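# Descriptive structure summary
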Amino acid sequence: MPETPAPRPAVLDTVIVAARDPDREQPWAELGLTAEEYARIREILGRRPTGAELAMYSVMWSEHCSYKSSKVHLRQFSEIPQVTSVGPMLAGIGENAGVLDIGQGYAVTFKVESHNHPSYVEPYQGAATGVGGIVRDILAMGARPVAVMDPLRFGPLHAPDTHRVLPGVVAGIGGYGNMLGLPNIGGEVVFDESYLGNPLVNALCVGVLRHEDLHLAKAVGAGNLVILYGARTGGDGIGGASILASVTFTASEGGGSGPAKRPSVQVGDPFMEKLLIECTLELFAAGVVAGIQDFGAAGISCATSELAAAGDGGMHVELDKVLLRDSTLSPEEILMSESQERMMAVVDPADAATFLQICARWDVEATVVGEVTGDGRLVIDWHGETVVDVDPRTVAHDGPVYERPFARPAGQDALQADRAEALARPVGGDELRATVLRMAASPNLCDKSWVTDQFDRYVRGNTVLAQPSDSGMIRVDESTNLGVAVSTDGNGRFTRLDPYAGAQHALAESYRNVATVGALPLAVSDCLNFGSPEDPDVMWQLAEACRGLRDGCLELGVPVTGGNVSLYNQTAETPILPTPVVAVLGVVDDVTRRVPSAWAVPGDRVLLLGETREELSGSEWAHVVHGHLGGLPPRVDLAAERSLAELLRAGADLITSAHDLSDGGLAQTLVESCLGHMVGATVSVPDDAFVSLFSESAARVVVTAAAADVAALASRAATHGVVVTDLGETGGDALVVRSSSGEQFELPLLALRSAWMATLPAARA
Amino acid sequence: MRVGVVTFPGSLDDVDAQRAVTIGGHQAVALWHGDHDLRGVDAVVLPGGFSYGDYLRCGAISRFAPVMTEVVAAAGRGLPVLGICNGFQILCESHLLPGALVRNDHQKFVCRDQLLRIENNRTAWTSAYDEGAEITIVLKNGEGGFVADTETLDRLEGEGQVVARYLDLNPNGSLRDIAGITNARGNVVGLMPHPEHAVEALTGAGTDGLGFFTGLAAAAFS
């Protein structure tokens, strides 16, 4: 074990030193604080902060941790009643992750987060630690993580940098997630020019717990011990702190021997995380955890201040007790280190021996680093000298809140006037056939198994549905067949055209996908990926998207349980397409009744549920064929979405397969439904055939049913006010499409499958 | 029968193996890597996963786990032992089986439903299958390429010790399409694909893997 370094008395910036030396210059700007924020910290403390305090405030008041630009917009999510179709939320916004009752004494928790910027700098580790972080969030609620999903967005498939980022991100997600033993059951892979210098790597985790096992991040009970366990603390992820160390400490030491600038992307150790999961679940089961907090951004700064701020007292921490990987780390660096695979628990002293014993059984190092106090202060000592003495609420909760200016962009009207409905369209059977084939092979619609085959979707043996199903589905209870379904969706192009509608489309599609597999949609988690909040155009997109999401959730009766905001996603001055990713989780009373997305047998009727309008703006067709983005996105009709979802449940006993219509419209849904089990179909589409095939009108699903059941299903559809169009019949080894005006084409499934499957492997070859 | 399933640090498919044992009609017994104790079981499964993070080399650290001393000794007395994926790697590192598993030839982790042919149904774990039976079970590995020197490969084939071979597509570059092998006695079987993920119609890749658990027959090998 490395020796703990001797203190550096000559340079240690203690609370006493800070009071005695009030005018020392401090590197607040280098740490990302504004002059106003620095002044505010001085005002809160009544003195200048110590270096350690400055480190804590700077990371906790960062955009990433404090949501200072988005908070005023996120607040409206708490106006949505915190209740689902099953019952009240067990924990809501503000906890590590929201917790939902799913019945039978079970609860689930789920959350989606971003790891965009690290994944651009270092794709493998950035994506890997993104998985690790969200899994610890779920674990910290007392839940066993049971599945992950990854909504991913990259630059154009053939761009050189995509060949650096895409394989690294996919390998990182697989390398970490596979080693945790968590099935990866879905997500998205989207390519667009705007993500070239700024990929979006979002990660979702679902966890399951019994109601009584819920744990919250609170430091309660004066005298309780604070235990840090898991990996040792190293020098990763502390770029900012290194500046601090070099400017204020190494310089005054008169030498250049201090730590050099360190890599700011963390390095993951999934094996340690797997041990941490099993160890933590055993600690919960043993009843020796009074409070718990995972380590994410801002490391010990975040864990101690958030635990103490949420508790009933204060906390005293002896920072020199923290086990280190690098014995030269300064207290500031230890406070800011984002080393992965660490957790902090609050433990009754009577339980400490059991706690440490369980950790030892899993080969997990654990150290008592402090205790809960009754004075409401967070005090951190370094070898007996106090380097932090703050009110933890001022660090964790009282960060700055900005009302950033926002305004509808000057070019928005012109963008919306440039409608894709005016673009040249394919004419006749041959051109339609060629378009269907070209679209199916295009990067956003082609087969994604090159990506998803690198993820383990089977581990734990409870995966009922995984990609390419509309939703992933996990069995929760083997004796009752209770389960959950989750989908993530987002449409950056629709959101660019109309952020309010775009966010609602993301919600509607995710909601529809969950209903399509036979689940009852319950709640939402969101990851809001946007450009710079200092750009009023971007702030307008964010504000509109939040408003749209709130209104949509209110109308559909699904609360937002938590999520994440990722800002500054842009390359130089050009922001990404605004991309709110919405995850909807639903409950399934009996997973054996899941509805598959592909056609299994010939002779079933193919039925379109919902209405098709001429809506091509923002569509995949306009993107692939014309490289066009303009006009207004399809109309959002949440009442229709709700009716459709109710019908899918009411008709589940008659429906043999169901697949929603989204990117690529009816054409792509038919293609995917055929290719699942290589069962063809002959369908007749209403005129205009092109619009029928490629419009992206929302609130639509294609289902199949036995011919004898069509009348019964149509009658239930009428009750729910859903329009049914009988398109034709499954069977044969081709997709045959006819229109009422006589256009006709045929796509042999083997040729279709070759084209659909070749794109990603060819681009990666 | 009482069938032990060993949990190493980093084992992942131990719960799946326990479930498969139960569905196969046996009693699953959890075994811990750190114990010199097989708890009197009638057979042992070394499950899939990344024991010790696959650090150093897959299975290279686990072979030194206390429980492996007991497994090796009991295997020598004829105890049926099935190593799946990481378990197969541990069996090779323990020299209970010849050869080694190396990184997939395409350098990527792969998860797919894989077609296999059962080539030897006289082992402790394959008696439920007809010789030549074609089955589809889950394959998922990053280091699943079976390698051995030519002499060993010839001997394995000549003595009928190849238990299963990949059909249609060789997913990892295994020499001679070998997916699984057995020892001369037939009680120790190593398999890279995962039969425990093909035991229920609801999950995994159908039910073709169930035979590995229903057909478990100890008496003939001890």
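Residues numbered from 1 in each chain as written. Chains lettered and ligands numbered in written order. Predicted model: local features only at pLDDT ≥ 70, side-chain atom pairs only at ≥ 80, totals over all residues.

## Quick notes on the overall build of chain B
What counts here: For helices the rule is a DSSP run of H or I covering at least 4 residues; for strands it is a run of E covering at least 2, with both sets numbered from the N terminus onward. Residues with at least 20 other C-beta atoms within 10 Å of their own are called buried, those with 12 or fewer are called exposed, and the rest are partly exposed. The C-beta atoms themselves are positioned from the backbone. What counts as a contact is two residues whose backbone-derived C-beta atoms lie within 7 Å of each other.
Within chain B, the secondary structure is distributed over 5 helices and 11 strands. Seen along its three principal axes, the alpha-carbon backbone of chain B occupies a region of about 40 × 35 × 35 Å. Residue burial in chain B is summarised as follows: out of 222 residues, 58% are buried. Sequence separation of at least 24 residues holds for 75% of the intrachain contacts in chain B that already meet a minimum separation of 6.

## Examining the overall build of chain A
Going by this rule: Computation of the radius of gyration draws on C-alpha atoms, with the globule rule given as 2.2 Å multiplied by the number of residues to the power 0.38.
Across its full length, chain A carries 26 helices and 27 strands. At 27 Å, chain A has a C-alpha radius of gyration in line with the 27 Å of a compact globule built from 765 residues. For the C-alpha atoms alone, the extent of chain A along its principal axes is close to 90 × 55 × 45 Å. Put simply, chain A has 765 residues, and 61% of those count as buried. Taking as baseline every contact in chain A between residues at least 6 positions apart, the subset at least 24 positions apart corresponds to 85%.

## Re the sheet that holds strand β15 (residues 483-489) of chain A
Residues and elements named next belong to chain A. So the rule is basically this: Strands are treated as partners if at least two bridges between them are detected by DSSP. A fitted line through C-alpha atoms represents every axis, and for helices the fit uses only the stretch in contact; the resulting angles, taken between N-to-C directions, go from 0 to 180 degrees.
Spatial ordering of the open sheet is given by β13-β14-β15-β20-β16-β17, a layout of 6 strands whose pairing is mixed. Each edge of the open sheet carries a strand with a single partner, namely β13 (463-465) and β17 (560-566). Averaged over all neighbouring strand pairs, the angle between strand axes comes to 20°, with direction disregarded. Pairing between β15 and strand β20 (residues 579-588): 7 bridges, direction antiparallel. Residue serine 487 lies in a different strand from β20, and its bridge partner there is valine 584. Lying on the sheet, helix α20 (residues 536-556) is in contact with β16 (520-529), β17 and β20; it crosses β16 at an angle near 175°.

## Here's the deal with the packing of α20 of chain A against helix α22 (residues 638-650) of chain A
Residues and elements named next belong to chain A. To be explicit about the condition: Under this scheme an angle from 65 to 115 degrees is roughly perpendicular, one under 35 degrees roughly parallel, and one over 145 degrees roughly antiparallel; angles in between are oblique. Handedness of each helix crossing follows the sense of rotation of the near helix against the far helix: counterclockwise by less than a right angle gives left-handed, clockwise gives right-handed. The nonpolar class holds Ala, Val, Leu, Ile, Met, Phe, Trp, Tyr, Cys and Pro. Asp, Glu, Lys and Arg form the charged class, and all remaining residues, Gly among them, are polar.
Direction vectors running N to C along α20 and α22 enclose 40°, while the axes themselves pass 10 Å from each other. What the angle tells us is that α20 and α22 run oblique. As for how α20 packs across α22, the hand of that crossing is right-handed. Contacts from Gly552, Glu555 and Leu556 in α20 reach Leu638, Glu641 and Arg642 in α22. Taken together, the residues that form the contact of α20 with α22 break down as 2 nonpolar, 1 polar and 3 charged.

## Focus on the sheet that holds strand β11 (residues 378-382) of chain A
All names here are of chain A. Taking strand neighbours across the sheet as the criterion, the 7 strands line up as β7-β9-β6-β10-β8-β11-β12 in an open arrangement whose pairing is mixed. Looking at the sheet topology across the chains shown, the edges are occupied by β7 (291-294) and β12 (385-390). Each strand axis lies, on average, 20° off the axis of its neighbour in the sheet, ignoring direction. As judged from the 5 bridges shared by strand β6 (residues 225-230) and strand β10 (residues 366-373), these two strands associate in the antiparallel manner. In the strand pairing of β10, valine 226 is matched with glycine 370.

## What to know about the pairing of strand β2 (residues 27-32) of chain B
Residues and elements named next belong to chain B. Cut-off, in case you're wondering: Convention used here: a crossover is right-handed provided that the path from the first strand, over the helix, to the second strand proceeds clockwise when the strands point away from the viewer.
Sheet topology note: the strand β1 (residues 2-7)/β2 ladder contains 6 bridges and is parallel. The partner of threonine 7 across the bridge, within β2, is tryptophan 32. Handedness of the crossover joining β1 and β2 through helix α1 (residues 14-23): right-handed.

## As for the domain arrangement of chain A
Rule in force here: Start and end points for every domain follow an automatic or database-based domain assignment.
For chain A, the assigned domains are domain 1 (15-69 + 216-396) and domain 2 (595-765). Put simply, the middle of domain 1 of chain A and the middle of domain 2 of chain A, counted by C-alpha atoms, are 53 Å apart.

## Things to note about the environment of glycine 59 of chain B
Residues and elements named next belong to chain B. The topology assignment puts glycine 59 in the loop between β3 (43-46) and α2 (66-76). Note on glycine 59: 27 C-beta atoms within 10 Å, which makes it buried. Put simply, glycine 59 and leucine 167 are 108 residues apart on the chain and 26 Å apart in space, counted from C-alpha to C-alpha. Ignoring any residue separated from it by four or fewer positions in sequence, one finds glycine 59 in contact with Ser51, Asn86, Gln89, Ile90, Cys92 and Glu93.

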